[in-house]
Amino acid sequence: MHSISRRAFIGGAGSLAVLAGLGLAGCGGTDAGSGSTVTSGNLLDTIVESGKMTFATEGTWSPWTFHNADDELTGFDIEVARAIASELDVEAVFAEGEWDGLLAGLDSGRFDTMANGVSVTPEREERYDFTEPYAYNRIVVITMDDSDIASMEDLDGKHTANTLGSSYATLAESFGATNTGVDDFNQTIELLEQGRIDATLNDEVVFYDYMKAHPDAPLKIAAENADPTPVAFPLRKGEETAELREAMNGAIDVLRENGTLSSLSEEFFGVDITSES
């Protein structure tokens, strides 16, 4: 794989920007501690000097981020993160946790960024700077087979469940649903099958991945959002992350051009979701 050298970042560009991250998960020899410590006011410089880039992740959201049969952390986002770190000539390390904790860790600088299928929304763009998109989600409404929900508008007055602060919860509430906070997707499905909620929102690829593992589950896609949602890596706002974002964008461009992104998408999703079309 072609690597973007450290010298290319440092030479002629001054000190380099440091990445502040949301949730990536830990695996094997990685630890779930703090991310790069900002010492120069430039996160990329700090990452390059340490040789490590810390991603936060849930590790429980297949096929984006999960543990395989050997309890190894993997998934589309995990492998994309590793590929980006390789392009930057540093090691990717992962810290696993629940969604809210990942966001807090990004804000405080404990993590450099988050690899967890983070959707780019107007609300989040007010709070974070994002890299260019590396994938596109199509959000769907998941219900029991006998549900009469047939459109996003039918969520009005219904009860849904998603992790608090997620784009899914926000979208459901925008259509008039009352959202119950949960820890992960599996807990959401339990509530749905127990009849305690009417629906949940999630990615189309996550639904099909779940149904592949649970072919007899009495679930269906009842509706879908009209437009695909871009997925990108969030960074803390400010000059300290500006050069890191530029470097990550360069790495994403390389991975798109050499086919790594589409290959990983096919591997984990069975379809290429790395382009908007």
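Residues numbered from 1 in each chain as written. Predicted model: local features only at pLDDT ≥ 70, side-chain atom pairs only at ≥ 80, totals over all residues. Heavy atoms only, no water.

**Focus on the overall build of the protein chain**
And step 1. When its secondary structure is counted, the protein chain shows ten helices and 15 strands.
And step 2. When the 277 residues of the protein chain are sorted by exposure, 54% land in the buried category.
And step 3. Across the protein chain, contacts joining residues at least 24 apart in sequence account for 75% of those joining residues at least 6 apart.
And step 4. Entry remark: accessible area of the protein chain is about 11,600 Å², with carbon and sulfur atoms responsible for 45%. (Helix = DSSP H or I, 4+ residues; strand = E, 2+ residues; numbered from the N terminus. Buried < 20%, exposed > 50% of the residue type's maximum accessible area, 1.4 Å probe, protein only. Contact = heavy atoms within 4.5 Å. Areas by Shrake-Rupley, 256 points an atom, 1.4 Å probe, with all protein chains shown as cover.)

**Concerning the pattern of salt bridges**
Think of it this way: side chains of opposite charge can pair up when their charged atoms draw near.
And step 1. Applying the stated criterion to the full structure yields five salt bridges.
And step 2. As a salt-bridge pair, Lys237 and Asp129 come within 2.9 Å of each other at their nearest N and O atoms. Placement of Lys237 in the loop between β15 (234–236) and α9 (242–257) and of Asp129 in strand β7 (residues 128–130) is noted, with a sequence separation of 108 residues between them.
And step 3. Of the residues examined, Lys237 reaches a relative accessible area of 41% and is grouped as partly exposed.
And step 4. The partner of Arg236 in a salt bridge is Glu240, with the nearest N and O atoms 3.1 Å apart. One exposure class covers both Arg236 and Glu240, and it is buried. (Salt bridge = Lys/Arg side-chain N within 4 Å of Asp/Glu carboxyl O.)

**A few points about empty space enclosed by the protein**
And step 1. Throughout the structure, instances matching the rule amount to one cavity of 30 Å³ or more.
And step 2. Empty space within the largest cavity amounts to approximately 170 Å³.
And step 3. In terms of lining residues, the largest cavity is bounded by 18 residues, among which Glu58, Trp61, Thr163, Ser166 and Tyr168 are the most central.
And step 4. Looking at the lining of the largest cavity, the elements that each hand over two or more residues are α6 (167–174) and α7 (185–193).
And step 5. Residue classes in the lining of the largest cavity are distributed as six nonpolar, nine polar and three charged. (1 Å grid on protein atoms, 1.4 Å probe; cavity = no way out; pocket = protein on both sides within 12 Å on 5 of 7 lines; lining within 4 Å. Points joined across faces, edges and corners; volume = space filled by probe spheres on them. Nonpolar A, V, L, I, M, F, W, Y, C, P; charged D, E, K, R; others polar.)

**Topic: the confidence of the model for the protein chain**
And step 1. Confidence in the prediction of the protein chain, expressed as mean pLDDT, is 87, and 86% of residues score 70 or more.
And step 2. Counting interchain partners and residues more than four positions distant, the pLDDT-below-50 stretch residues 1–33 has 153 contacts. (pLDDT = per-residue confidence, 0-100.)

**So, the sheet that holds strand β5 (residues 91–96)**
And step 1. Taking strand neighbours across the sheet as the criterion, the three strands line up as β5-β2-β6 in an open arrangement whose pairing is parallel. Lying at the two open borders of the sheet, with one neighbouring strand each, are β5 and β6 (113–114).
And step 2. Here strand β2 (residues 52–57) runs beside β6; their pairing, made up of two bridges, is parallel. Opposite Ala56, over in β6, you have Met114 as the bridge partner. (Pairing = 2+ DSSP bridges.)

**What about the pairing of β2?**
And step 1. Burial of β2 is extensive: five of the six residues sit out of reach of the surface.
And step 2. Where β2 meets β5, four bridges bridge the pair, whose relative direction is parallel. Bridged to Met53 within β5 is Ala92.

**Remarks on the layout of surface pockets**
And step 1. Roughly 370 Å³ of internal volume is contained in the largest pocket.
And step 2. As for the largest pocket, its lining consists of 17 residues, of which Thr121, Glu123, Arg124, Ser167 and Thr170 are closest to the centre.
And step 3. Those elements that place two or more of their residues in the lining of the largest pocket are α5 (122–127) and α6.
And step 4. A class-by-class count of the residues in the lining of the largest pocket yields six nonpolar, eight polar and three charged.

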